[in-house]
Amino acid sequence: ESYNCNAIFTPQAVTLLVTDATGNQGLCNTTVNVVDTVAPIALCESTYTAALDATGNVQVLPTDIDSSSTDNCGLVEYLINNNSSQLYTCADVGTINAVLTVRDSSGFTSSCQTQILDQHHHQPLQQLLAPSKLSASSHLQNLELNFCSQFFQIFVESSFRFHLRRQPEKVA
């Protein structure tokens, strides 16, 4: 009889029939416990770029940094930095190491490391100021906006066109 991963954690009743050289036979009932002794293989993307949203946050999932991790009987859990997800903020801008851990149903784990490139872009700011967000009665002049502790000056033109320019850091 052969067994596969479906038999793990389910005792298999087996009847053994033994015959000796003279033809005598004997029966024995036993239980076979199938175990998985092979650890999974964690495979990470070498880098993953995460762009902060308009609030200065980005949520990264383990599957974002996974590069087709495998296991002979299947994976049941993926973690990033030992969590189901990882929140990065303005304070994390730059390159950050993250650890992907995968676990199989037998409890074996494997880990790999990747670099998260935590970046902020002006696009979320532009989306906040998109014409659909402004009404015809909005009489905007020039605005200042603080995003991730960086100051931006917004120059509003006619027909809801604007220019976004990063300002030098302010001195308190």
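Structure report, in brief. Counting from 1, residues in each chain are numbered in the order their sequence is written. The model is predicted, so local features are restricted to residues of pLDDT at least 70 and side-chain atom pairs to those at 80 or more, both for listing and for counting; the totals for chains, interfaces and linings are taken over all residues. The basis for every side-chain value is the complete set of non-hydrogen atoms in the structure, without hydrogens or water.

What follows covers the overall build of the protein chain. Helices and strands together make up the secondary structure of the protein chain, namely two helices and eleven strands. Along the protein chain, helices and strands appear, N-terminal first, in the series β-β-β-β-α-β-β-β-β-α-β-β-β. Of the contacts formed within the protein chain by residues at least 6 apart in sequence, a portion of 52% connects residues at least 24 apart. The helix and strand labels rest on DSSP assignments: H or I over at least four residues marks a helix, E over at least two residues marks a strand, and numbering proceeds from the N terminus. Note on definitions: a residue-residue contact is assigned when non-hydrogen atoms from the two residues lie within 4.5 Å.

Before going further, it helps to examine the pattern of salt bridges. By convention in these notes, a salt bridge is any Lys or Arg side-chain nitrogen within 4 Å of a carboxyl oxygen on Asp or Glu. According to the stated counting rule, one finds one salt bridge in the structure shown. The partner of Glu77 in a salt bridge is Arg103, and the shortest N-O contact between them spans 2.9 Å. Here Arg103 lies in strand β7 (residues 94–104) and Glu77 lies in strand β5 (residues 75–80), a separation of 26 residues in the sequence. Taking relative accessible area as the criterion, Arg103 reaches 29% and is therefore assigned partly exposed. Exposure classes here rest on a 1.4 Å probe applied to the protein chains alone. A residue is buried below 20% of its type maximum, exposed above 50%, and partly exposed in between.

Here we come to the side chain of Ser69. Note on placement: Ser69 falls in the loop between α1 (62–65) and β5. In terms of polar contacts, Ser69 uses its side chain to reach the backbone amide nitrogen of Leu43, at 2.9 Å. Under this definition, polar contacts are N or O atom pairs within 3.5 Å; protein pairs additionally need one hydrogen-donor-capable and one acceptor-capable atom, and for neighbouring residues in sequence, both atoms have to be side-chain atoms.

Bringing the environment of Ile8 into the picture now. Within the fold, Ile8 resides in the segment before β1 (12–19). Given the relative accessible area of 9%, Ile8 is considered buried. Sequence separation of Ile8 and Ser106 is 98 residues, and the distance between their C-alpha atoms is 8.4 Å. Discounting residues that sit within four places of it in the chain, Ile8 has contacts with Val34, Asp36, Cys73 and Ser106.

So, about the sheet that holds strand β3 (residues 47–51). Between any two strands, pairing holds if DSSP finds at least two bridges. In space, the four strands of this open sheet follow the order β3-β8-β7-β5, with mixed pairing throughout. Either end of the sheet is taken by a strand with one partner, and the two such strands are β3 and β5. For this sheet, the mean inter-axis angle between neighbouring strands, taken without regard to orientation, is 30°. For β5 and β7, the ladder comprises five bridges, and the chain directions are antiparallel. Residue pairing for β7: Glu77 is matched across the bridge by Arg103. Only the stretch in contact is used when a helix axis is fitted, and all axes are lines through C-alpha atoms; the angle between N-to-C directions ranges over 0 to 180 degrees.

With burial as the criterion, only one face of strand β8 (residues 109–119) is covered, namely that bearing Ser110, Cys112, Thr114, Ile116 and Asp118; the residues Thr109, Ser111, Gln113, Gln115, Leu117 and Gln119 on the opposite face remain uncovered. Both β3 and β8 contribute to a ladder of five bridges, which runs parallel. Each residue of the ladder has a partner; that of Thr49, found in β8, is Leu117. The sheet contact formed by β7 and β8 spans ten bridges and is antiparallel. Within β8, the position partnered with Thr101 by the bridge is Ser111. Hairpin connection, β7 to β8: the antiparallel pair is bridged by four residues, and Gly107 has positive phi, about 95°.

Another aspect to go through is the state of the cysteines. Only a pair of cysteine sulfur atoms within 2.5 Å counts as a disulfide in this structure description. Applying the stated criterion across every chain yields a total of two disulfides. The partner cysteine of Cys44 in its disulfide is Cys112, sulfur to sulfur 2.0 Å. Its S-S torsion of approximately 85° makes the covalent link between Cys44 and Cys112 right-handed. Of this pair, Cys44 sits in the loop between β2 (25–32) and β3 while Cys112 sits in strand β8; the two residues are 68 residues apart in sequence, bridging distant segments of the chain. With respect to class, Cys44 is no different from Cys112; both count as buried.

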